[in-house]
Amino acid sequence: MIFGFIVLIGLIFGSFLNVLISRIPKDENVAFPASHCPKCKAPLKLYHNIPLFSWLFLRGKCAFCHEKISVQYPLVELLCAIIFGAVYLKLGLSFMALMIALSFSFLLTLSVIDYYYKAVPDSMNLLALSTAIAAATGFQGFVLNLENALLFVGGFALLRFYLSYLIKKEALGEGDLMVAGTMGAMLGIQLGLMAIFLAALLALPVMMLMRNETDESKMVPFVPFLALALFIVYIFDSVFINYWNSLYG
Ligand SMILES: [Zn+2]
């Protein structure tokens, strides 16, 4: 019962994330005007704006101009619902669970914006980092999160210097540094390193496929891989800890 309610909140929050995704890169106000069709600008009626179901019911087309509505909309809503559901199953109802769910939601927003616009807006990035650091049960937990965040931002900055020197061009973006900080805050050192390794493993096949791509707009964004790896390792942390222990324990 509570689980269903949490998933519903996730769906609704996901449709707000879609608003952020379509408006932040264009510097538009995120609250006004009300939701409208990106093509014909017709304002949506309430029943056109029900997360997931409206898109399915309208078969992915605008109710007014019948222009195709991107699958991004239901997909982001669904992913946000999965985030809320998974975090609730892991942490129950708590301040920490709320902060973690928000942090993952902002990372989802960041990933989609990075994918479409090759941009990583600081607003979303700082929100993801701040909520990840705030996700603690007491002051000591908060300080530990902050320490781990600083360690990972620093470590990534160093890695960036080395890589950029070796390949003689800018490796990793500034946005990736902040995402690494979020990973450190949420996971701590051991799991955080595993998540970065997992992100590289996930990104590698895609980067190999695109290695001859010189068109900047088709370059592989790294943030979605970092965010996905962080989510997998966070939710299934015991699997990763057991694996680590079986290797080095
Ligand atoms: Zn339309």
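Quantities reported herein were computed from a predicted structural model and do not represent experimental measurements.

Asker: I'd like a description of the overall build of the protein, backed by residues and values.
Answerer: Each helix and strand counted, the protein has 9 helices and 0 strands in total. Helices and strands in the protein line up, N terminus first, as α-α-α-α-α-α-α-α-α. The C-alpha atoms of the protein give 19 Å as radius of gyration, which agrees with the globular expectation for 249 residues (18 Å, within 12%). With the principal axes as the frame, the protein shows a C-alpha extent of 60 × 50 × 30 Å. By the burial criterion, 34% of the 249 residues in the protein qualify as buried.

Asker: Can you tell me about the packing of helix α4 (residues 95-117) against helix α8 (residues 223-235), naming the residues and giving the values?
Answerer: The axes of two packed helices give the description: the angle between them and the distance between them. Relative orientation of the contacting elements α4 and α8 amounts to 155 degrees, with a least axis distance of 8 Å. Classed by the angle they form, the pair α4 and α8 counts as roughly antiparallel. Crossing angle aside, the handedness with which α4 passes α8 is left-handed. Contacts between α4 and α8 pair Phe104, Leu107, Leu108, Leu110, Ser111, Asp114 and Tyr115 from the former with Val223, Pro224, Ala227 and Phe231 from the latter. Along the lines of polarity and charge, the residues of the contact of α4 with α8 split into 9 nonpolar, 1 polar and 1 charged.

Asker: Describe the nonpolar core, listing the residues and the values that go with them.
Answerer: Grouped together as the largest cluster of nonpolar side chains are 59 residues, with contacts concentrated most on Met183, Leu226 and Leu230. Mapped onto this core, the elements with two or more residues apiece are α1 (2-23), α3 (72-91), α4, α5 (122-134), α6 (139-167), α7 (174-209) and α8. Summarising the domain contributions, this core has at least three residues from each of domain 1 (1-93) and domain 2 (128-249). Those residues in contact with leucine 226, other than ones at most four positions away along the chain, are Asp176, Val179, Met183 and Ala199.

Asker: Please set out α5 residue by residue, giving values where relevant.
Answerer: The end-to-end C-alpha distance of α5 is 18 Å, a good match for the 18 Å that 13 residues give at a rise of 1.5 Å each. Of all the positions in α5, only Met124, Asn125, Leu127, Ala128, Leu129, Thr131, Ala132 and Ile133 are classed as buried. On the buried face of α5, the contacting elements are α4, α6 and α7.

Asker: Can you tell me about α8, naming the residues and giving the values?
Answerer: Taking 1.5 Å per residue, 13 residues should reach 18 Å; α8 reaches 18 Å between its end C-alpha atoms and fits that length. Of all 13 residues in α8, 10 are buried, a share of seventy percent or more. Where the residues of α8 are buried, they touch α4, α7 and α9 (237-248).

Asker: Which residues make up the domain arrangement of the protein, and what are the values?
Answerer: Examined at the domain level, the protein breaks down into domain 1 (1-93) and domain 2 (128-249). The centre of domain 1, based on its C-alpha atoms, is set 27 Å off from the matching centre of domain 2.

Asker: Tell me about the packing of α7 against α8, residues and numbers included.
Answerer: Between α7 and α8, whose axes approach to 7 Å, the crossing angle comes to 100 degrees. When the axes of α7 and α8 are compared, the pair comes out roughly perpendicular. A per-class count over the contact of α7 with α8 returns 21 nonpolar, 1 polar and 1 charged.

Asker: Can you break down the environment of alanine 195 residue by residue, with the values?
Answerer: Within the element layout of this structure, alanine 195 appears in helix α7. For alanine 195 and phenylalanine 240, which are 45 residues apart along the polypeptide, the C-alpha to C-alpha distance reads 9.3 Å. Residues in contact with alanine 195, not counting those within four places in the same chain, are Met183, Leu187, Ala229, Leu230 and Val233.

Analysis parameters
- For every chain, the first residue of the written sequence is number 1, and numbering continues from 1 onward in sequence order.
- At least 70 in pLDDT is required for a residue's local features to be given in this predicted model, at least 80 for side-chain atom pairs to be given and counted, and no such filter applies to totals for whole chains, interfaces and linings, which use all residues.
- Helix numbers and strand numbers start at the N terminus; a helix is a DSSP run of H or I with at least 4 residues, a strand a run of E with at least 2.
- Here the globule rule is a power law, 2.2 Å times the number of residues to the power 0.38, and the radius of gyration is based on C-alpha atoms.
- Exposed residues have 12 or fewer other C-beta atoms within 10 Å of their own C-beta, buried residues have 20 or more, and partly exposed residues fall in between, where C-beta atoms are placed from the backbone.
- Here an angle of 0 to 180 degrees is reported between the N-to-C directions of two axes, which are lines fitted to C-alpha atoms, with helices fitted over the stretch in contact.
- Angles are sorted into four bins: roughly parallel if under 35 degrees, roughly antiparallel if over 145, roughly perpendicular if 65 to 115, and oblique for all others.
- What makes a crossing left-handed is the near helix being turned counterclockwise from the far one by less than a right angle; a clockwise turn instead makes it right-handed.
- C-beta atoms are placed from the backbone for every residue, and two residues are taken to be in contact when these atoms lie within 7 Å.
- All residues other than Ala, Val, Leu, Ile, Met, Phe, Trp, Tyr, Cys, Pro, Asp, Glu, Lys and Arg, Gly among them, are scored as polar; the first ten of these are nonpolar and the last four charged.
- Residues of type Ala, Val, Leu, Ile, Met, Phe, Trp, Tyr and Cys that are buried and joined through C-beta atoms within 7 Å form what is called a nonpolar core.
- An automatic or database domain assignment supplies the start and end points of every domain.
- Helix span is expected to be 1.5 Å times the residue number reduced by one.

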